[in-house]
Amino acid sequence: MAYQEKETPEEKRERLRFEEQKRNPGGNFSDGVNRNYGGGLADLGWKGVLGLLILLIGGYIGYCLYVLGYFPW
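How each quantity is defined
- Residues numbered from 1 in each chain as written.
- Predicted model: local features only at pLDDT ≥ 70, side-chain atom pairs only at ≥ 80, totals over all residues.
- Heavy atoms only, no water.
- Helix = DSSP H or I, 4+ residues; strand = E, 2+ residues; numbered from the N terminus.
- Buried < 20%, exposed > 50% of the residue type's maximum accessible area, 1.4 Å probe, protein only.
- Areas by Shrake-Rupley, 256 points an atom, 1.4 Å probe, with all protein chains shown as cover.
- Salt bridge = Lys/Arg side-chain N within 4 Å of Asp/Glu carboxyl O.
- Expected span 1.5 Å × (residues − 1).
- Contact = heavy atoms within 4.5 Å.
- pLDDT = per-residue confidence, 0-100.

1. What to know about the overall build of the protein chain
Within the protein chain, the secondary structure is distributed over four helices and zero strands. Walking the protein chain from its N terminus toward its C terminus, one meets helices and strands in the order α-α-α-α. The 73 residues of the protein chain split such that 1% are buried. Looking at the protein chain as shown, the accessible area adds up to about 6900 Å², and 63% of this sits on carbon and sulfur atoms.

As structure tokens, then:
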């Protein structure tokens, strides 16, 4: 009990999530399937979101240059 008093909120969330997974393995499977189906930007982290934004902006700039005729292919 002394350890639980000193754990951080993140450790407490992780411990509770692990206990819930042990009690309800079917729900854990369902959560995994739903997360895989829906996904989200939060799963990428800030580096992944930044990379995605750079890719989208670069693609848009390339498209605009192609439409304006700077790329003849």
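2. Overview of the pattern of salt bridges
For the structure shown, the criterion picks out four salt bridges. Linking E7 and R15 is a salt bridge whose minimum nitrogen-to-oxygen distance equals 2.9 Å. You can call E7 buried: its relative accessible area is 11%. In this structure, the salt-bridge partner of E19 is R15, at a minimum N-O distance of 3.3 Å. Pair noted here: E19 and R15 are both in helix α2 (residues 9-23), with a separation of four residues, about one helical turn. Judged by its relative accessible area of 27%, E19 is partly exposed. For R15, a relative accessible area of 23% translates into the label partly exposed.

3. With respect to helix α4 (residues 45-68)
Taking 1.5 Å per residue, 24 residues should reach 34 Å; α4 reaches 35 Å between its end C-alpha atoms and fits that length. G69 sits one or two positions beyond α4 and adopts a positive phi of about 95 degrees.

4. Let's talk about the side chain of E7
If you trace the backbone, E7 turns up in the loop between α1 (2-6) and α2. The residues contacting E7, other than those within four sequence positions of it, are K12 and R15.

5. Things to note about the confidence of the model for the protein chain
Residues at a pLDDT of 70 or more form 81% of the protein chain, whose mean pLDDT is 80. Within the protein chain, α1 has the poorest average pLDDT of any element, 64, and α4 the best, 90.

6. So, the environment of L44
Summarising the element assignment, L44 is placed in the loop between α3 (25-38) and α4. Using a relative accessible area of 46% as the deciding quantity, one classes L44 as partly exposed. Not counting residues up to four positions away in its chain, the partners in contact with L44 are V49 and L52.

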